[in-house]
Amino acid sequence: MLGPFRRWWQEFYRRSSIQGILSLSFTAVAVVGMIFMGLALFFRFSANTNAQMAENSQRVLAQVNLNLDAYLRRMMRLSDTAYYSVIKDADLAEEDLSEALDLLYENNRDALVSIALFSEGGDLIASTPLVGLKNSVNPEKESWFTTAMDRIENLHFSTPHVQNLFEDPDYQYRWVVSLSRQVEMTRAGAIESGVLLVDMSFGGIEQICKDVDLSSTGYLYLIDGDGEIIYHPRQQLIYAGLLEENNLAAAGYTDGSHQETFGGTRREVTVKTVGYTGWKLVGVVPSENLWDNYGQLVLFFLFVVLFSVFLLVFVNLRLSEWITAPVKKLDRAVKELEHGSTEVDFDVGGPGEVEHLSHSIRSMVSTMRHLMDDIIEQEEQKRRSELEVLQSQINPHFLYNTLDSVIWMTENGRTDDAVVMLTSLARFFRISLSRGSSIIPIRDELEHARHYLTIQKMRYKNKFSATITAEDGVESLYTIKLIVQPILENAIYHGMAYADGDGEITVRAFRDGGDVLIEVSDNGPGMPEEVVESLLDPNGPAAAAGAKGSGIGFRNVHRRIRLTFGADYGLTIFSEPDDGTTVRIRLPALDEEAARRYRKEGEA
Amino acid sequence: MKHKVIWQLVVPLLGLCVLFMLLATEPAKVQARQEPVEISVILRETESGTWSATRQGMEQAAMDLNVELRVLTLSRENDAEEQRDLLEREVASGADGVLLIPADREVLSEAVETAADAVPVVTMETDMSQDGASGYISVDNDALGRMLGDIALNGAPEGSSVLLLSGVSEATGISDRLTAAQEVLEAAGRKVYRCVLCPEESLESVLEGELAALAPAAVVAFDTSTLERTARVLREKESAPLLYGAGSSAAIAAYLEQGAVTAVVARNEFAAGYLAVEALVEVLSNHADVTAPPLSFSVVRKENMYDPENQKLLFPVTR
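Below or above, wherever it landed, is the structure these notes cover. (Residues numbered from 1 in each chain as written. Chains lettered and ligands numbered in written order. Predicted model: local features only at pLDDT ≥ 70, side-chain atom pairs only at ≥ 80, totals over all residues.)

Some details on the overall build of chain A
Each helix and strand in chain A was counted, giving 15 helices and 18 strands. Here chain A holds 604 residues, and the buried ones make up 32% of them. (Helix = DSSP H or I, 4+ residues; strand = E, 2+ residues; numbered from the N terminus. Buried ≥ 20, exposed ≤ 12 C-beta atoms within 10 Å, placed from the backbone.)

Right under this line is the structure:
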């Protein structure tokens, strides 16, 4: 599960810049923190709001309860007045109570429908404002009558019902709540029992309960102790069966706030019991209504979060840019260094760690440069040493050959020739030494070759002829010394040794663009291609020590030229069997100034 | 560079836009109340007294469903032609829907068809869905008629005559009730006289004539207005036939209590009004016809009229 995410993160981390990671991390941490804080505050606020709303509902219910209680007590006082001030003191045999009851009714007509007094048998004794009892009515069978007679000590409030006692010319059927009580009356000195009925207008209760502000979709209803609805803002819908209410369950609730789910809706229900009657005021606030308010809050919260995220992204970008600027500068400096720049500024500033890092890199680069200089120096020294070793291979080799010739001449009594040869040898060595310089004019190199040829021609009894020519201006150019002689030596040993006076060696020096070519050609037997290739191969087979023309000379010259002037220079051999051999020496055209530089490098 | 511009210019700009939205809009105003739906109610009577409970139901629904009601009465009872004119006028004046209690299905057929093309039309009492009406709220007229026939059997001995009265045209749901009752009564061996009044006729004079001519044992009135007026006539008579009828109103309750009406078949008028408006709003919301189940009804007599359930049925908790 976490594997792919980790891989994705590692890939993302690898591809991202420090600034990007810092920005993202800062923003993510800040947003998470903000959301966490926001949610904590939001839920805290929600809980507080819920508590406040419940408290508000309870306060509203308490107020309604107060009003309803006052209203009911007013009705009870009215009943008390009718009983104790009018009925109890009167003798029904002598007095008509209608006038007194009329007075009471008139004083409270806003809240009353009728006041009526019935005998124990249900006969109407007095009533107001209507006086004609309907023929069809049997008051003694009505529930308000029987309840009053059953529990004589109490006042009884009925549930709403249609008042059906009196003839009404306007056919008005009013919904009333009946307040009934058992009364004792005097008739001709005798005490008899009866029922006093005060029918309260349903509108009075409605006035108290309606228009109660319990949030936009909240409402309040009133039930009796059994859950029978006394008032409901949508009472007729309930009566018509178009709406249901959870009134029976609410009858079982204790006073306070409750949560209930009814008709698929979660509701906050607050209950308050009305004193004396046992009725219950029930305030209902659907939870959706609460969330409507929260919805607005959530919207506002989202707005704030969104804006903060934008702001954070901006601030974090700037912040991370500021933090990573020295690192990025350091990175650029290192890249410049990688591209070979020598003037790199590592002074990037920034915090201590980055500055320390830049100092370390600068120090490291400096150390590296010194090491590189040392390595170059060591390489140069190594090259020089090698050159010197190669140089040192030439002289003994040639000396051996020449002395071999002098010995041969002396043995044969050719003293003059030996003198000439030794003279040439002396000149030869003078040029070889050249006061220790390895770079000499081509003129001297050719002169050196000439002396060598003189010696060899004498030795080989003029079996070959030799010509040395140089293009104008070439002789004044410079070369490393002792490069022609080893080539001549090979030409003589391999090309002329068996010639019969017709051997011919030509040495020719000429310019080729910026280079100088010295070609040594002979008309000897030539060489097959594989021999030619092996001659310049540094890993080629070496001839036995002391063997004449073993190829050491070729390789020696070739390596010396390359070590001195580079891989573009050196020897090229053109040879075909029976068609002679031409060895071309390619050198850079060095004037005196350039030669001095080489001389310094090589001999410093 | 382009990247930098986006992050350093566009991002703050977006942030400012959000701030602007935050300050410029108040979330509380997001849930603005919608415009109310305008519904015209065309009655078939000159005043809405007999429809008061129904009207209360309509008004309750209007309050619940954000509807503006316009209740229109006729200058002469059950004048279908005037209803047709009113229907056309209301549709032309931009009513969102029409609730119609038709006085004559045949006269109104074409007008309803035309109106239904423009706005939804829901009828009460008389089914006009064949003519394009989108809904129909009523009791099952046939069942109600049979019920009335059944209860009238008690008041009319076998072989006696029964007068069936209707103040509304033959082409209405009321007439369907009448036909069903007639079938029941005739099947039970009663002589049935059917009297359907024209708008021009006076019920009182027609009734006097019919009573004198037929001497029926029972009279059955099939709509509220006719029942009320018949009861008023019969209670003045010494030996009046028993009166049965359909409908409920305060006057009918009084006549029932006085014995002028023997029994009524009553529906919950409040519920009928509420459901009619609700059905019309549903049609307007869903753009589809509504098929409502028939309303229930029950038989109320003097003996049980104050039973709690019948109190709720006959006497709306009016304010």
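We are not done yet, so read on.
Let's talk about the interface of chain A and chain B
Tallying the contact residues gives 29 residues for chain A and 29 residues for chain B. Elements with a minimum of two residues in the side of chain A that touches chain B: strand 4 (161–162), helix 5 (202–209), helix 6 (235–239) and helix 8 (287–338) of chain A. Looking at the side of chain A that touches chain B, the element that brings in the most residues is helix 8 of chain A, giving 11 residues. Considering only residue class, the side of chain A that touches chain B consists of 18 nonpolar, nine polar and two charged. (Contact = placed C-beta atoms within 7 Å. Nonpolar A, V, L, I, M, F, W, Y, C, P; charged D, E, K, R; others polar.)

As for unusual backbone geometry
Cis geometry marks the peptide bond from A:Thr128 to A:Pro129; its omega dihedral reads 0°. Inspection of the secondary structure assignment puts A:Pro129 in the loop between strand 2 (124–128) and helix 4 (143–150). Unlike most non-glycine residues, B:His287 shows phi in positive territory, near 55°.

Details of the sheet that holds strand 8 (residues 229–231) of chain A
Picture the strands of a sheet paired through backbone hydrogen bonds; they go either parallel or antiparallel. Residue and element names in this part refer to chain A. Spatially, 8-7-11-10-9 is the arrangement adopted by the five strands of the open sheet, whose pairing is antiparallel. Edge strands, defined here as strands with exactly one partner in the open sheet, are strand 8 and strand 9 (256–262). Direction aside, the axes of adjacent strands within the sheet are offset by 35° on average. Sheet analysis places strand 7 (residues 219–223) next to strand 8, joined by two bridges and oriented antiparallel. Residue pairing in the sheet places Ile 223 in a bridge with Ile 229 of strand 8. The strands touched by helix 2 (residues 18–87) within the sheet are strand 7, strand 9, strand 10 (265–273) and strand 11 (280–286), with strand 10 carrying the most contacts at an inclination of about 40°. Across the sheet, helix 5 touches strand 7 and strand 8, and the angle it forms with strand 8 is around 75°. (Pairing = 2+ DSSP bridges. Axes fitted to C-alpha atoms, helices over the stretch in contact; angles between N-to-C directions.)

Quick look at the nonpolar core
Counting 165 residues, the largest nonpolar core has B:Val98, B:Leu99, B:Leu148, B:Ala152, B:Val220, B:Ala276 and B:Val277 as the members making the most contacts within it. With 12 residues, the top contributor of residues to this core is helix 2 of chain A. One finds A:Ile455, A:Ile487, A:Ile492 and A:Leu590 within the second-largest nonpolar core, a separate group that totals 45 residues. (Core = buried A, V, L, I, M, F, W, Y, C linked by C-beta atoms within 7 Å.)

What about the environment of A:Val131?
Mapped onto the fold, A:Val131 is located in the loop between strand 2 and helix 4. The spatial distance from the C-alpha of A:Val131 to the C-alpha of A:Ala116 is 8.8 Å, given a sequence separation of 15 residues.

Here we look at the environment of A:Arg596
All names here are of chain A. Of note, Arg 596 is situated in helix 15 (residues 592–603). Exposure remark for Arg 596: the 13 C-beta atoms within 10 Å place this residue in the partly exposed category. A C-alpha to C-alpha distance of 8.2 Å links Arg 596 and Ile 439, two positions 157 residues apart in sequence.

Section: the pairing of strand 6 (residues 190–201) of chain A
All names here are of chain A. Bridge count between strand 1 (residues 112–119) and strand 6: seven bridges; the pairing is antiparallel. Bridging across to strand 6, Ser 114 finds its partner in Asp 199. Where strand 5 (residues 175–187) meets strand 6, 12 bridges bridge the pair, whose relative direction is antiparallel. Within strand 6, the position partnered with Leu 179 by the bridge is Val 198. A loop of two residues connects strand 5 with strand 6, the two strands running antiparallel in sequence, and Ala 188 in this loop sits at a positive phi of about 50°.

So, the sheet that holds strand 18 (residues 581–588) of chain A
Residue and element names in this part refer to chain A. An order of 13-15-16-18-17 is seen for the five strands of this open sheet, with the pairing classed as mixed. Since the sheet does not close on itself, it has two edges, and those belong to strand 13 (464–470) and strand 17 (570–575), each with one partner. Strand-to-strand twist across the sheet, computed as the mean angle between neighbouring axes with direction ignored, equals 15°. Sheet topology places strand 13 next to strand 15 (residues 503–512); seven bridges connect them, and they run parallel. Across the sheet, residue Ala 470 finds its bridge partner in strand 15, namely Ala 509.

Here's the deal with the packing of helix 2 of chain A against helix 3 (residues 98–107) of chain A
Residues and elements named next belong to chain A. Relative orientation of the contacting elements helix 2 and helix 3 amounts to 155°, with a least axis distance of 11 Å. One element, helix 2, and the other, helix 3, form an angle in the roughly antiparallel class. Helix 2 and helix 3 meet at a crossing whose hand is right-handed. Taken together, the residues of helix 3 that come into contact with helix 2 (itself represented by Leu 78, Thr 81, Ala 82 and Val 86) are Ala 100, Leu 101 and Leu 104. Looking at the contact of helix 2 with helix 3 residue by residue, the class counts come to six nonpolar, one polar and no charged. (Parallel < 35°, antiparallel > 145°, perpendicular 65-115°, else oblique. Left-handed = near helix turned anticlockwise from the far one by under 90°.)

Re helix 10 (residues 269–286) of chain B
Residues and elements named next belong to chain B. Helix length check: helix 10, at 18 residues, gives a terminal C-alpha distance of 26 Å against a target of 26 Å (1.5 Å per residue), a fit within 8%. Across the 18 residues of helix 10, 15 count as buried, placing the element largely inside the fold. Positioned one or two residues after helix 10, His 287 has a phi angle of 55°, which is positive. (Expected span 1.5 Å × (residues − 1).)

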